[in-house]
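# Structural features, examined
Spelled out from the first residue to the last, the chains are:
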Amino acid sequence: MGFQGNGVTMLNFDGTYRPQKRLFRFPHEWIDLSDVPETNLYCSGEALAEIERRLRRRRMRGAVLIGNGNFHYVSYLLIKEMKEPFTLVLFDHHTDAEGGSDRLISCGSWVAYALGHPQLQKVIIVGPSCSPSHLRLSPKITVLPFDDHDEWPTALLNAIPTGSVYISIDKDALRREDAVTNWDQGMMPLSRLLACLRLLLFYKKVLGVDICGEYPQAAVDVFHPFCREAQQKNERANTAILETCFQYAAPHLRPA
């Protein structure tokens, strides 16, 4: 059914996308959020409302690049925009479904907030190394630990009960050979993630996609070998994910 979005929205919380020049060839826009306080890791209600206000003004309604994983809670705001029954497919090394407080949302609790969306029918979390028995997860959540066998992407497809999906990708689900993040990482090869994406894009109506998991770095780190390697790996992964999404978009929505 394909990708329904047009273009790329880059959120500037932390400046991590400016060195990733290959991303600029996609039709894109910037939303600057670097001046919003109380956003890193935990987000206050006031900050969340300001982020939502700025997101509403965006022109591109396609893929959203969020920044490093500390800001993954922005996915909750993007999911709130969905108007039809859908399944959230989350590629992540963590469940992000821990109980949060009424005052703060975090990168570790946003899925619990998203469960309140009336159109969200199911959450499929793909990529944890094992099913987290220490969490009391909602019956609406299915965890698929990463298992690198040929039938695994099909098992993901079969677990989705709806024709429409929203896809959220935290690159910490990927192995270090393919991405570098500021969280502990899984073992999924980028090639396997892309295979899953192609299946979802072919068989499902993909309402939206967001990507996070950049490696945060200060200006002084730009020339540090490790930081440069992290930026290059993440740029390649981001580019491959976006190219896959737009390959399955309607012809008039594809980048030139």
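What this report covers is the structure whose coordinates are included nearby. All values derive from a computational prediction rather than experimental measurement.

The full count for this structure, using the stated rule, is 13 salt bridges. Of the charged contacts, one joins Glu50 and Arg54 as a salt bridge, the two residues approaching to 2.7 Å between their closest N and O atoms. One end of the pair is Glu50 and the other is Arg54, both in helix α1 (residues 45-56) and four residues apart, which spans about a single turn. Lys205 is paired through a salt bridge with Glu84; the nearest N and O atoms lie 3.2 Å apart. Here Lys205, found in strand β11 (residues 205-212), pairs with Glu84, found in the loop between α2 (74-79) and β6 (86-91); they are 121 residues apart in sequence, far enough to count as distant. Salt bridges sharing common partners tie together Asp35, Glu50, Arg53 and Arg54.

Positive phi, close to 60°, is recorded for Glu38, a residue that is not glycine. For Glu38, the location among the structural elements is in the loop between β3 (28-32) and β4 (42-44). Owing to a relative accessible area of 53%, Glu38 belongs among the exposed residues under this scheme.

The subject of this paragraph is the packing of helix α5 (residues 190-203) against helix α6 (residues 225-247). Running from N to C, α5 and α6 point in directions that differ by 20°, and their axes come no closer than 10 Å. In terms of axis orientation, α5 runs roughly parallel to α6. The handedness of the crossing between α5 and α6 is right-handed. Note on element contacts: α6 touches α5 through Ala237, Ala240, Ile241, Thr244 and Cys245, opposite Leu190, Leu193, Leu194, Leu197, Arg198 and Leu201.

It is worth spelling out the pairing of strand β10 (residues 164-170) at this point. Burial analysis of β10 places seven of its seven residues in the buried class, the great majority of the element. Burial of the side chains of β10 extends over both faces: Ser164, Tyr166, Ser168 and Asp170 are buried on one face and Val165, Ile167 and Ile169 on the other. Taken together, the five bridges between β6 and β10 define a ladder with parallel strand orientation. From the neighbouring strand, Thr87 faces β10, where its bridge partner is Val165.

Within the largest apolar cluster, 42 residues are counted, with the highest numbers of intra-cluster contacts made by Phe3, Phe91, Leu156, Ile167, Met188, Ile241 and Leu242. The biggest single contributor to this core is α5, with seven residues. If near-sequence neighbours (up to four positions away) are discounted, Leu156 is found in contact with Val89, Phe91, Ile124, Val126, Leu144, Cys196 and Leu200. Core analysis: the second largest hydrophobic core is formed by 37 residues, Ile66, Met82, Leu90 and Ile141 among them.

Each value, and the rule that gives it
Along each chain, numbering runs from 1 in the same order as the chain's sequence is written. Local features in a predicted model are, by the rule used here, given only for residues with pLDDT of at least 70; side-chain atom pairs are given and counted only at 80 or more, and totals for whole chains, interfaces and linings are based on all residues. Hydrogen atoms and water are omitted, and side-chain values are computed over all heavy atoms in the structure. Salt bridges are defined by distance alone: a side-chain nitrogen of Lys or Arg within 4 Å of a carboxyl oxygen of Asp or Glu. Strands here are runs of E lasting at least two residues and helices are runs of H or I lasting at least four, both read from the DSSP assignment and numbered beginning at the N terminus. A simple rule labels every residue: compare its accessible area, found with a 1.4 Å probe on the protein chains alone, to the largest value its type can have, and call it buried under 20%, exposed over 50%, or partly exposed in between. Orientation is described by axes fitted as lines to C-alpha atoms, over the contacting stretch for helices, and by angles from 0 to 180 degrees between their N-to-C directions. By the definition adopted for this analysis, an angle is roughly parallel if under 35 degrees, roughly antiparallel if over 145, roughly perpendicular if from 65 to 115, and oblique otherwise. Left-handed describes a crossing whose near helix is turned anticlockwise from the far helix through less than a right angle; right-handed describes the clockwise counterpart. Residue contacts are counted whenever heavy atoms from the two residues lie within 4.5 Å of one another. Pairing between strands is defined by DSSP: at least two bridges between the two strands are required. To define a nonpolar core, start from buried Ala, Val, Leu, Ile, Met, Phe, Trp, Tyr and Cys residues and group those joined through side-chain atoms within 4.5 Å.

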